[in-house]
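# Inside the fold
In case you want the letters, here they are:
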Amino acid sequence: MAPFSYNHTHPQDMWYVLTGIPGLEDSHTWISIPICSMYILAVIGNIFLIFLIVTERRLHEPMYVFLSMLALSDVLLSTATAPKMLAIFWFHSMDISFGSCVSQMFFIHFLFVAESAILLAMAFDRYVAICHPLRYTTILTFSATGKIGIAAVVRSFIICFPFIFLVHRLTYCGRNIIPHSYCEHMGTARLSCDNISVNIIYGLTVALLSTGLDIVFIIISYAMILCTVFQIPSWSARFKALNTCASHICVILMFYAPAFFSFFAHRFGGKTVPQHIHILVANLYVVVPPMLNPSIYGVKTKQIQDRVILLCSPISTHC
């Protein structure tokens, strides 16, 4: 008898099966409840934050323009993943076409790289505001802020567009089970029967040269901020300067820590990190930071608090 071999399948004819969280299938319904709640809060909170920034002229400053960009990317990132996740958990709707899978993969990576660039822009904004306050309005003009936002989007597109070709060029041999709740580059590439070294190398290069460099520049920005702050003689002025950075630092930690845990666990921690832990963290990553970001900035930013109070006061008066 001839040895069994898979028939090669054209990518456009492929349908994949997303399994959700392997090993926790019996708990999918319970897991879906907090994920759905966090997704709804993330969408409402971020859209409300964008509304506040757009409608309040005092918030038409670079810091808040970058914050609105971050809020928009959070809404899009959670929306690119959470609805399909919930469909898997609630309705066992696990099938996804190759085209839909690749589209979801592209938008997830695109939004992640764009959000990383926005966080870098926000760090640069704090650096200029604290280290060069007299030149702030001349350096970060409305035009410069817009160009930085466009550059973040263009850079992300250029970096992530090759992922589409990298998975299209592969030959697939019939394997179609993706042990995840959404499609991402390496999970899709591993279903092929070709050598995926190029995919691995490009993925690592993107992580190190885009997101990795963003982190390096953010660290440099905050190192220079700290040097400037500790030269201020007044302790109250030091605290005020550092307090303006606190919310941004919280957002940075929430964004990068789980993302890099998921990235390295997927590539190097296959035997040390249980698969269900890796997938669960990846699922929470796309809803927890988007849900918390509006609250963090709302609590730590007086201008946003004042605008919320102003909007709510007529409601409370009417009641």
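Residues numbered from 1 in each chain as written. Predicted model: local features only at pLDDT ≥ 70, side-chain atom pairs only at ≥ 80, totals over all residues. Heavy atoms only, no water.

The name an unreviewed UniProt entry assigns to the protein is Olfactory receptor, from the organism Lynx pardinus. Among the UniProt annotations of the protein, the heading Sequence similarities (unreviewed entry) holds the following wording: "Belongs to the G-protein coupled receptor 1 family." (UniProt positions renumbered as here; feature names shortened; annotations may be inferred.)

This next bit is on helix α2 (residues 62-91). The end-to-end C-alpha separation of α2 is 43 Å, in line with the 44 Å expected for 30 residues at 1.5 Å each. Of all the bends in α2, the greatest, near 30°, is centred on Thr79, and the proline Pro83 appears no more than four residues after it. When you tally the buried positions in α2, you get 22 out of 30 residues, the bulk of the element. (Helix = DSSP H or I, 4+ residues; strand = E, 2+ residues; numbered from the N terminus. Expected span 1.5 Å × (residues − 1). Bend = angle between axes of the 7 residues up to and from the residue. Buried < 20%, exposed > 50% of the residue type's maximum accessible area, 1.4 Å probe, protein only.)

In this section: the state of the cysteines. Evaluation of the coordinates by the stated rule reveals two disulfides. Covalently, Cys101 is tied to Cys183 through a disulfide, its sulfur atoms 2.0 Å apart. In this structure the cystine formed by Cys101 and Cys183 twists about its S-S bond by roughly -115°; its chirality is therefore left-handed. Here Cys101, found in helix α3 (residues 98-131), pairs with Cys183, found in the loop between β3 (177-178) and α6 (185-189); they are 82 residues apart in sequence, far enough to count as distant. No difference in accessibility class separates Cys101 from Cys183, as the two residues are buried. A sulfur-sulfur distance of 1.7 Å marks the disulfide that ties Cys173 to Cys193. Disulfide Cys173 to Cys193: torsion about the S-S bond roughly 65°, handedness right-handed. In this pair, Cys173 sits in the loop between α5 (142-168) and β3 while Cys193 sits in the loop between α6 and α7 (197-229), placing the two residues 20 residues apart along the sequence. Relative accessible area serves as the criterion here: at 7%, Cys173 is assigned to the buried category. If the cysteines joined by disulfides in the protein are listed in sequence order, their pairing comes out as 1-3, 2-4. Of the cysteine sulfurs around Cys227, a residue in no disulfide, the closest is that of Cys131, at 8.4 Å. (Disulfide = S-S within 2.5 Å.)

With that settled, the discussion passes to the pattern of salt bridges. As enumerated under the stated definition, the model contains three salt bridges in all. Residue Asp125 is joined to Arg126 by a salt bridge in which the shortest nitrogen-to-oxygen separation is 2.8 Å. Pair check on accessibility: Asp125 and Arg126 agree, each one buried. Arg155 is the partner of Asp214 in a salt bridge, and the nearest nitrogen-oxygen pair spans 2.8 Å. Linking Asp214 in helix α7 with Arg155 in helix α5, this pair joins segments that are 59 residues apart in sequence. On the basis of relative accessible area, Asp214 is assigned to the buried category, the value being 2%. (Salt bridge = Lys/Arg side-chain N within 4 Å of Asp/Glu carboxyl O.)

With that settled, consider the packing of aromatic side chains. Within the structure shown, the criterion is met by 15 aromatic pairs. Between the aromatic rings of Phe163 and Tyr202, the centroid separation amounts to 5.4 Å while the plane-to-plane angle is 80°, which identifies the pairing as edge-to-face. Here the residue Phe163 occupies a position in helix α5, and Tyr202 occupies one in helix α7, the gap between them amounting to 39 residues. Of the aromatic side chains, those joined through ring pairs into one cluster are Phe106, Phe107, Phe110, Phe157, Phe161 and Phe165. We note Arg238 situated over the ring of Trp235; from NZ or CZ to the ring centre the distance is 4.5 Å. (Phe/Tyr/Trp six-rings, centres within 6.5 Å; stacked < 30°, edge-to-face > 60°. Lys NZ or Arg CZ within 6 Å of the ring centre and 35° of its normal.)

Our next topic: the side chain of His180. Relative to the helices and strands, His180 is located in the loop between β3 and α6. Of note is the side chain of His180, whose polar atom sits 3.5 Å from the backbone nitrogen of Tyr182. Filtering out sequence-adjacent residues up to four positions away, His180 remains in contact with Leu18, Thr19, Gly20, Ile279, Ala282 and Asn283. (Polar contact = N/O pair within 3.5 Å; in protein donor to acceptor, adjacent residues only side chain to side chain. Contact = heavy atoms within 4.5 Å.)

The positions that UniProt labels "transmembrane region" (unreviewed entry) are, in the present scheme, residues 31-54, 66-92, 104-124, 136-165, 200-229, 241-265 and 277-299. A distance of 35 Å separates the end C-alpha atoms of residues 31-54, which is 100% helix and 0% strand. Along residues 104-124 one finds 100% helix and 0% strand; the C-alpha atoms at either end are 30 Å apart.

All of the buried residues in helix α9 (residues 275-285) are His278, Ile279, Ala282, Asn283 and Tyr285. For α9, the angular spread of buried residues about the axis comes to 160°, placing them on one side. (Arc of directions from axis to C-beta.)

Right, let's talk about the sheet that holds strand β2 (residues 95-97) for a bit. Pairing is mixed in the open sheet, where three strands are placed in the order β2-β1-β3. Among the strands making up the open sheet, the edge pair consists of β2 and β3. As paired elements, strand β1 (residues 15-18) and β2 share three bridges and run antiparallel to each other. By the bridge assignment, Tyr16 is partnered in β2 with Ile96. (Pairing = 2+ DSSP bridges.)

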